[in-house]
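Take a look at the letters that make up each chain.
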Amino acid sequence: KEYKEKQIFKEVEGPIYVERTASGKTHLGLVTTVNLEDYLFTQNATTLIRPTEQTILERLPPRMDIRRDAIIELPHILLLMDDMEKTVLEPLSQKKDKMTKVYDVDLMLDGGKIVGYTLPEDLKKEVVEKIQALAGEEIQKKKNGDKVVGHPLLFAVGDGNHSLATAKSIWEERKKKGEDANTSPGRFALVEIQNVHDTALTFEPIHRVFEGPN
């Protein structure tokens, strides 16, 4: 609230292309909004956006209490797309001369740095078309077989699933109170899209050690 009162924030239109450098690697991302009507956190969901882990319902109420009173959305939600040919984000790294830099800051605790750019209209259109193509029947069938026809998977929640589930729950709550899905901003959630094939994205195994009687 203090930041808003002091007008620290600058409002911009459209997605933000980001490059985050840490540990000698640069991650590419697109900060944008997604339609919560395209996401379900239930088991065996067939929506465009789906979780990669079980959603613990008991974790949602305290998060919902925070979100109801928030005046600006500051989530931690990463969506992963299966873009093996690297058609969406990677070409943007070569077109920064067409973009407008809106921030360039160092991150705390040796977290590296992050740079963000707004996209001109032609690049916005290009990105949308390429993302839509990933959900196309031909590409989906090639990756996942005939079973995906009619319910393609576009984004898998890589991190922050409970934050996205919170946004979904609040939106369902607001819909029940009569909010119009055609005009309400509550229908959307802020996320960062990354390519699961980004070479800077490292997946580490989770190890568990069980000790007991010999």
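Our subject is the structure listed above.
Note that the structure is predicted; figures quoted are calculated from it, not measured.

Calculation rules
- Residues numbered from 1 in each chain as written.
- Predicted model: local features only at pLDDT ≥ 70, side-chain atom pairs only at ≥ 80, totals over all residues.
- Heavy atoms only, no water.
- Pairing = 2+ DSSP bridges.
- Helix = DSSP H or I, 4+ residues; strand = E, 2+ residues; numbered from the N terminus.
- Phe/Tyr/Trp six-rings, centres within 6.5 Å; stacked < 30°, edge-to-face > 60°.
- Buried < 20%, exposed > 50% of the residue type's maximum accessible area, 1.4 Å probe, protein only.
- 1 Å grid on protein atoms, 1.4 Å probe; cavity = no way out; pocket = protein on both sides within 12 Å on 5 of 7 lines; lining within 4 Å.
- Points joined across faces, edges and corners; volume = space filled by probe spheres on them.
- Nonpolar A, V, L, I, M, F, W, Y, C, P; charged D, E, K, R; others polar.
- Axes fitted to C-alpha atoms, helices over the stretch in contact; angles between N-to-C directions.
- Parallel < 35°, antiparallel > 145°, perpendicular 65-115°, else oblique.
- Left-handed = near helix turned anticlockwise from the far one by under 90°.
- Contact = heavy atoms within 4.5 Å.
- Salt bridge = Lys/Arg side-chain N within 4 Å of Asp/Glu carboxyl O.

Topic: the sheet that holds strand β8 (residues 188-195)
On the basis of which strands lie adjacent, the open sheet formed by 8 strands has the order β3-β7-β4-β8-β2-β1-β6-β5 and mixed pairing. Strands with a single pairing partner mark the edges of an open sheet, and in this sheet they are β3 (49-50) and β5 (100-106). Note: strand β4 (residues 78-81) against strand β7 (residues 155-159), 3 bridges, orientation antiparallel. What sits directly across from Leu-80, in β7, is Ala-156.

A word on the packing of aromatic side chains
Tallied over the full model, the rule gives 3 aromatic pairs. Here the aromatic rings of Tyr-3 and Phe-9 are separated by 5.9 Å at their centres, their planes lie at 65°, and the arrangement is edge-to-face. For Phe-9, a relative accessible area of 41% corresponds to the partly exposed category.

Here we look at the layout of surface pockets
Estimates place the volume of the second largest pocket at around 470 Å³. What lines the second largest pocket is a set of 20 residues, among which Thr-32, Thr-33, Val-34, Ile-131 and Phe-155 lie closest to the centre. Elements with a minimum of two residues in the lining of the second largest pocket: β2 (25-35), α3 (121-134) and β8. Among the residues making up the lining of the second largest pocket, the classes are represented as 14 nonpolar, 4 polar and 2 charged.

Some points on the packing of helix α2 (residues 60-69) against helix α5 (residues 161-176)
Where α2 contacts α5, the axes come no closer than 9 Å and their chain directions differ by 65°. Accordingly, the angle class assigned to the pair α2 and α5 is roughly perpendicular. Every pair of crossing elements has a handedness; the one defined by α2 and α5 is right-handed. Facing α2, whose interface residues are Leu-60, Arg-63, Met-64, Arg-67 and Arg-68, α5 presents His-162, Ala-165, Thr-166, Ala-167, Ser-169, Ile-170 and Glu-173. Looking at side-chain class alone, the contact of α2 with α5 contains 5 nonpolar, 3 polar and 4 charged residues.

As for the environment of Leu-119
Among the secondary structure elements, Leu-119 is positioned in the loop between β6 (113-118) and α3. Residue classification places Leu-119 among the buried residues on the basis of a relative accessible area of 6%. Spatially, the C-alpha atoms of Leu-119 and Ser-23 are 27 Å apart, while their sequence positions differ by 96 residues. Look past the residues within four positions of Leu-119 in its chain and what remains in contact with it is Pro-15, Tyr-17, Leu-30, Met-99, Lys-124 and Val-127.

What to know about the pairing of β6
Within β6, 5 of the 6 residues are buried, which leaves it mostly tucked inside the rest of the structure. As paired elements, β5 and β6 share 6 bridges and run antiparallel to each other. Within β6, the position partnered with Tyr-103 by the bridge is Gly-116. From the end of β5 to the start of β6, which pair antiparallel, there are 6 residues, and Leu-109 there has a positive phi angle of about 55°.

Brief notes about the pattern of salt bridges
Counting across every chain of the model gives 17 salt bridges. The shortest N-O distance in the salt bridge between Asp-65 and Arg-68 comes to 2.7 Å. Remark: Arg-68 and Asp-65 occur in helix α2; sequence separation between them is 3 residues, near one turn of the helix. Given a relative accessible area of 47%, Asp-65 falls into the partly exposed group. The exposure class assigned to Arg-68 is partly exposed, which follows from its relative accessible area of 40%. Among the salt bridges present, the one from Glu-179 reaches Arg-174, with a minimum N-O distance of 2.7 Å.

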